[in-house]
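Structural characterization, general
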Amino acid sequence: MKQTYRSKTAYVLAWVWLVFVALNVVDLVVRFSGKASLVALAVLAVLTALVYAVALRPATVLTEEGLVGRNPFRTTFLPWASIEDVGVSHSINVRYGDDQVLRLWTPMSSARERAKAQRRGTPAQQRGRFATEPTLSKGEQAAAEAFAGKTHADWVGDQIRDRAESAKRRSQEAGPARVTLSYDSIAALVVALALVVAAVVA
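Residues numbered from 1 in each chain as written. Predicted model: local features only at pLDDT ≥ 70, side-chain atom pairs only at ≥ 80, totals over all residues. Heavy atoms only, no water.

**Some thoughts on the overall build of the protein**
- Helix and strand counts for the protein come out as six helices and eight strands.
- Buried residues in the protein amount to 31% of all 202 residues.
- At a minimum sequence separation of 6, the contacts of the protein that also span at least 24 residues come to 65%.
- Of the roughly 13000 Å² of accessible surface on the protein, 61% is carried by carbon and sulfur atoms. (Helix = DSSP H or I, 4+ residues; strand = E, 2+ residues; numbered from the N terminus. Buried < 20%, exposed > 50% of the residue type's maximum accessible area, 1.4 Å probe, protein only. Contact = heavy atoms within 4.5 Å. Areas by Shrake-Rupley, 256 points an atom, 1.4 Å probe, with all protein chains shown as cover.)

Written as structure tokens, this is what we have:
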């Protein structure tokens, strides 16, 4: 089963930006005014290429075969059995091979999110003689205990660790990591740079 994790906030804001850019490009083409329009198009293209590389492209994908880490300018595939250790700080750090580390861009945990998770993990103190908080069902209580003190990044890190350990128990082969460049991000930057050159030369 394939599972994809990414920053929802960055993803939504990136699509809002793309809609904004599309409307502006239509306006600039319809009201083309020479160099000024080319400069505006170049600026929009550069910003859009960066937004695509940083906000739209990054994702952590869990497949049946292994972990796929899509970072802005490269994609790394790790077979589950090749993963040695998983640590979570600000980002999820996956250790594999000869002490190599894959830092996943998403999901990340901010200091604010971690502090909130730690507060959630601390049991609330009852004040007064009567309980004012609603009583949780057994299922809700189990879910609250499972997520107590954990951020989304911690939870995804646990999923990666569990799959890696399961693959080792089944004696799966620890195949080599595969790293490829993200040609889509590179192509977006090349187009943006071409527009910058055109705006400068015109």
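And the narrative resumes.
**Things to note about the side chain of Thr48**
- Summarising the element assignment, Thr48 is placed in helix H2 (residues 35-56).
- Residue classification places Thr48 among the buried positions, given a relative accessible area of 17%.
- Within the local environment of Thr48, its side chain forms a polar contact with the backbone oxygen of Leu44, the two atoms lying 2.6 Å apart.
- With sequence-adjacent residues up to four places away left out, Thr48 is seen in contact with Trp17, Leu18 and Val21. (Polar contact = N/O pair within 3.5 Å; in protein donor to acceptor, adjacent residues only side chain to side chain.)

**Here we look at the nonpolar core**
- In terms of nonpolar packing, the biggest core is built from 18 residues, with Leu67, Ile83, Ile92, Val94 and Ile160 touching the most fellow members.
- Mapped onto this core, the elements with two or more residues apiece are strand E5 (83-88), strand E6 (92-96), strand E7 (100-104) and helix H5 (152-169).
- Counting residues per element, this core draws most heavily on H5, which supplies five residues.
- Residues contacting Ile83, with those up to four places away along its chain left out, are Leu67, Leu78, Val94, Arg95, Tyr96, Ile160, Ala164 and Lys168. (Core = buried A, V, L, I, M, F, W, Y, C linked by side-chain atoms within 4.5 Å.)

**Brief notes about H5**
- Spanning 18 residues, H5 covers 26 Å between terminal C-alpha atoms, matching the ideal 26 Å at 1.5 Å per step.
- Among all positions of H5, only Ala153, Asp154, Val156, Gly157, Asp158, Ile160, Ala164 and Ala167 are buried.
- Of the residues flanking the end of H5, it is Ser171, one or two places downstream, whose phi is positive at about 55°. (Expected span 1.5 Å × (residues − 1).)

**Topic: unusual backbone geometry**
- Cis geometry marks the peptide bond from Thr106 to Pro107, where omega comes out at -5°.
- For Pro107, the position within the fold is in the loop between E7 and helix H3 (111-121).
- Here the phi dihedral of Ser171 falls at roughly 55°; this positive angle occurs in a residue that is not glycine.
- Position of Ser171 relative to the elements: it lies in the loop between H5 and strand E8 (178-181).
- We classify Ser171 as exposed; its relative accessible area is 63%.

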